[in-house]
Amino acid sequence: MTTIPPAETRGGRRDNLPARYFSEGGEICSMTVRTRFAPSPTGYMHIGGMRTALFNWLWARHNHGQFILRIDDTDEQRNLQEALGPILDAFRWLGLDWDEGPEIGGHHGPYFQSQRRHLYDAALRQLLDAGSAYRDFELPVDTQAQREAAEKDKSVYISSRASLQLTAAQVATYLADGRSCVIRLLIPRNEKVVMNDHIRGTVEFDCGLMPDPVIARNDGSPLYNFATVVDDAEMEITHVIRAEEHLSNTPIQILLHRALGNRTPEWAHVPYVASPGSKEKMSKRKIDKYRTSPQFQKLFELADQVLSRIGIDSKPNALSPVMVAYYRQVGFLPAGVLNALVRLGWSLDDQTEFLSLTEMKQKFTLDRVIKSAAGLDPDKLLSFQSHWMSELPAKEKLSGCLWMLKQAHLIHDEDDQETQAKVARVIELAADRLRVFGDIFQLDEFFVADDELKLDDKNFQKRVVKSEHAVVLLHDLRGRLSDLAIFTAEPLHELLQSFAAEKQVKIGDLFPTLRLCVTGKVQGADLFGSLELLGKTCVLSRLQRAIGHAESQRMI
RNA sequence: GGCUCCAUCGUCUAGUUAGGUCUAGGACAUCGGGUUUUCAUCCCGGUAACAGGGGUUCAAAUCCCCUUGGAGUCACCA
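The rules behind the values
Along each chain, residues carry numbers from 1 onward, in the same order as the chain's sequence is written. Think of it this way: whatever chain is written first is A, whatever ligand is written first is 1, and the rest follow in order. With the structure being a predicted model, the display of local features is reserved for residues of pLDDT at least 70 and the display and counting of side-chain atom pairs for 80 or more, all residues being used for whole-chain, interface and lining totals. Only hydrogens and water are set aside; all other atoms, that is, all heavy atoms of the structure, feed into the side-chain values. Throughout, near means a residue has at least one heavy atom within 4 Å of the molecule or strand. In protein, a polar contact means a hydrogen-donor-capable atom and an acceptor-capable atom, both N or O and within 3.5 Å, with residues adjacent in sequence counting only if both atoms are side-chain atoms; elsewhere, any N or O pair within 3.5 Å suffices. Comment: elements are numbered from the N terminus, with helices defined as DSSP H or I runs of at least four residues and strands as E runs of at least two. In this description, strands pair whenever DSSP reports at least two bridges between them. Between N-to-C directions, angles span 0 to 180 degrees; the directions come from axes that are lines fitted to C-alpha atoms, helices contributing only their stretch in contact. Should any heavy atoms of two residues lie within 4.5 Å, those residues are considered in contact. The term nonpolar core refers to a set of buried residues drawn from Ala, Val, Leu, Ile, Met, Phe, Trp, Tyr and Cys, joined through side-chain atoms within 4.5 Å. Type-normalised accessible area, obtained with a 1.4 Å probe on protein chains alone, sets the label of each residue: buried when under 20%, exposed when over 50%, and partly exposed for intermediate values. Note on ring pairs: Phe, Tyr and Trp rings are taken, using the six-membered ring of Trp, and paired if centres are within 6.5 Å. Classes follow the plane angle, with under 30 degrees stacked, over 60 edge-to-face and the rest tilted. Two thresholds decide whether a charge sits over a ring: the Lys NZ or Arg CZ must be within 6 Å of the ring centre and within 35 degrees of the ring normal.

### Brief notes about the protein's contact with RNA strand B
Thought 1: In the neighbourhood of RNA strand B, 58 residues make up the surrounding shell, with Arg217, Tyr272, Gly345, Asp432 and Arg433 lying closest.
Thought 2: Counting only atoms of RNA strand B within 4 Å of the protein, the fraction found in sugar and phosphate groups is 75%.
Thought 3: Arginine 200 places a polar side-chain atom, nitrogen or oxygen, 2.5 Å from a sugar or linking oxygen of RNA strand B.
Thought 4: At 3.2 Å from a sugar or linking oxygen of RNA strand B is found a side-chain nitrogen or oxygen belonging to serine 248.
Thought 5: Sorting the residues of the surface near RNA strand B by element identifies α4 (140–152), β9 (201–206), β14 (374–375), α13 (378–391), α18 (489–503), α19 (507–519) and α20 (527–534) as the ones contributing at least two each.
Thought 6: It is α19 that contributes the most residues to the surface near RNA strand B, 4 residues altogether.

### Quick word on the sheet that holds strand β6 (residues 133–136)
Thought 1: What the 3 strands build is an open sheet, ordered β6-β7-β10; its pairing is antiparallel. The strands lining the two open edges of the sheet, one partner per strand, are β6 and β10 (214–216). Looking at each pair of strands side by side, their axes are set apart by 45 degrees on average, direction ignored.
Thought 2: Here β6 pairs with strand β7 (residues 182–185) via 4 bridges, running antiparallel. Paired with alanine 133 across the bridge in β7 is leucine 185.
Thought 3: In this fold helix α3 (residues 117–130) packs onto β6, β7 and β10, with an angle of close to 95 degrees to the strand it touches most, β6.

### Re the nonpolar core
Thought 1: Met50, Phe91, Tyr327 and Phe332 are the most contacted members of the largest nonpolar core, which has 126 residues in total.
Thought 2: For this core, the leading source of residues is helix α1 (residues 47–62), giving 9 residues.
Thought 3: Sequence-distant contacts of methionine 50, defined by excluding residues within four places in its chain, comprise Met45, Ala90, Phe91, Leu94, Leu96, Val324 and Leu341.
Thought 4: One finds Ile187, Ile215, Ile237 and Leu260 within the second-largest nonpolar core, a separate group that totals 33 residues.

### Examining the packing of aromatic side chains
Thought 1: For the structure on display, the rule yields 12 aromatic pairs.
Thought 2: Both rings, one in tyrosine 327 and one in phenylalanine 332, keep their centres 5.3 Å apart while their planes meet at 80 degrees; by these two values the pair is edge-to-face.
Thought 3: What makes tyrosine 327 buried here is its relative accessible area of 2%.
Thought 4: Seen in terms of ring centroids, phenylalanine 354 and phenylalanine 384 are 5.8 Å apart; in terms of plane orientation they differ by 85 degrees. Their pairing is edge-to-face. Of this pair, phenylalanine 354 sits in the loop between α11 (334–342) and α12 (357–363) while phenylalanine 384 sits in helix α13, and the two are 30 residues apart along the sequence.
Thought 5: A relative accessible area of 38% places phenylalanine 354 in the partly exposed class.
Thought 6: You can call phenylalanine 384 buried: its relative accessible area is 2%.
Thought 7: Put simply, the rings of Phe37, Phe67, Phe91 and Trp98 pair up and form one aromatic cluster.
Thought 8: When the ring centre of tyrosine 174 is taken as origin, the NZ or CZ atom of arginine 179, which lies over that ring, is 3.8 Å away.

### Points about unusual backbone geometry
Thought 1: A cis amide bond, omega -5 degrees, links glycine 109 with the succeeding residue proline 110.
Thought 2: Tracing the chain through its elements places proline 110 in the loop between α2 (80–94) and α3.
Thought 3: Despite not being glycine, arginine 161 shows a phi value in the positive range, around 60 degrees.
Thought 4: With respect to the secondary-structure elements, arginine 161 resides in the loop between α4 and α5 (168–176).

Written as structure tokens, this is what we have:
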């Protein structure tokens, strides 16, 4: 049995130009690093795929190389624009640019597999001519039967290779008769493929256990493994960084590269992103299960709250936390999402948590990617959000909130100076309560009409309706407030404090009750600042309305 | 089931390549205390982990073997 040595010890370019990166085997490679992300156009960008893309982007940028976007649409008939749009949008939103790919082209185009057929055809001819691949006329049902028989038998299924017994004349006849066949790669059964993965180290596969994979259909159209290999080679990809689920495809791809005479790229199989609290790969199909998961709940609740405001019903799962667009709609910051993603499976050291994209770019290395799958943690994601929101310039906070409020029809003209000034003031009051832009809705009391303010009924019953003195007290307080000449935070603070002392009521009772009547909630932004911003007229009117409410309910 | 990968606090992770101040560090969450005579912040502190079993060694989270558990993948999908 012969063993194929790891890729980097075979062939390839070796010269003494300045080093750009070091391969796993320590070989100095002078080629510019080129990484790629090759999504199939599915109509949405998966959050886990986004992390894989991020790692690819980071590695390319870290090495001053190129990041390529290639669209794996060999099997897609759908509307490409519709299917690709959300993917490109996700990249743009997060600020991950691509050097070659859709919309911008490049020297290795086209960047859609559906348009690269000539390359696959040529490679296929080469393999067939060299005898590395063969036409397999076996009927699919027969192949399937053998597979099942092997399974029943508890033995390993490998291809029958019956078609290999055919003479050239027979093959010609079959072809002339129009008999259907597929092209399979001839696996060298007495070999082992040894790969040296940047993340996993040495991984071995025994070729004797592998069926001959189909690389092209009867019509010559290429299958994934084949198209990928042809493209990766033609596009001069130096590092294939992809999700762990592709690990088992790798021996086939290595064999294909060898048969084609390519320099094999370096491999890095990153663990997939698991769903919160589990080790299972996050999947769009499991959304309903996630919705009830205690670890995931917080994220759903936050999103449902925000999305319902802006007219998106997230229940049908058209938008879910598996998709990048979800975070954007809820008002997450690119910096926060990026930071959470990079720390999932990668760390710089034992301390660093916060990294900007620029810092990631400088510090990211493949050798610090962890091997095991990691679950996305909504709590930690939110804490990253808080951090990056606090770093965000006021102007950008403002525009993010204006967008949200506009979507929810809580403001009408986002360009209006007065509106902007008010929203800016609310943002100041919100302070660190604002983790995502959607949190601005927690302070919606500043944007609704007095007679449309909803009161937290449970607390209203407890604190006002069922309280002995509340109504009287509130009535008194309203009088004092109406006498207050300068309706700003400081005098309000003083007035409320002395009022509480005079009436001998606890501040812990009075303040929340007042807040409830005026904002509808028992919790919120700084009380005095809120009163000031609402203004005297509004405060008095809301207080009056609350008192009226309580009185009418008490009479019943 | 075959093949392959993985395994440190509840979670994300540092430490494993070169065994030794690791009585295992940090962050998030959680709990307690303090500041803010409201809320949130902020500050201080606490609880909390090397999956199990064998070896090797003066010494193992770290090296070796086995067991267990988890995951990925087994298409004329990508």
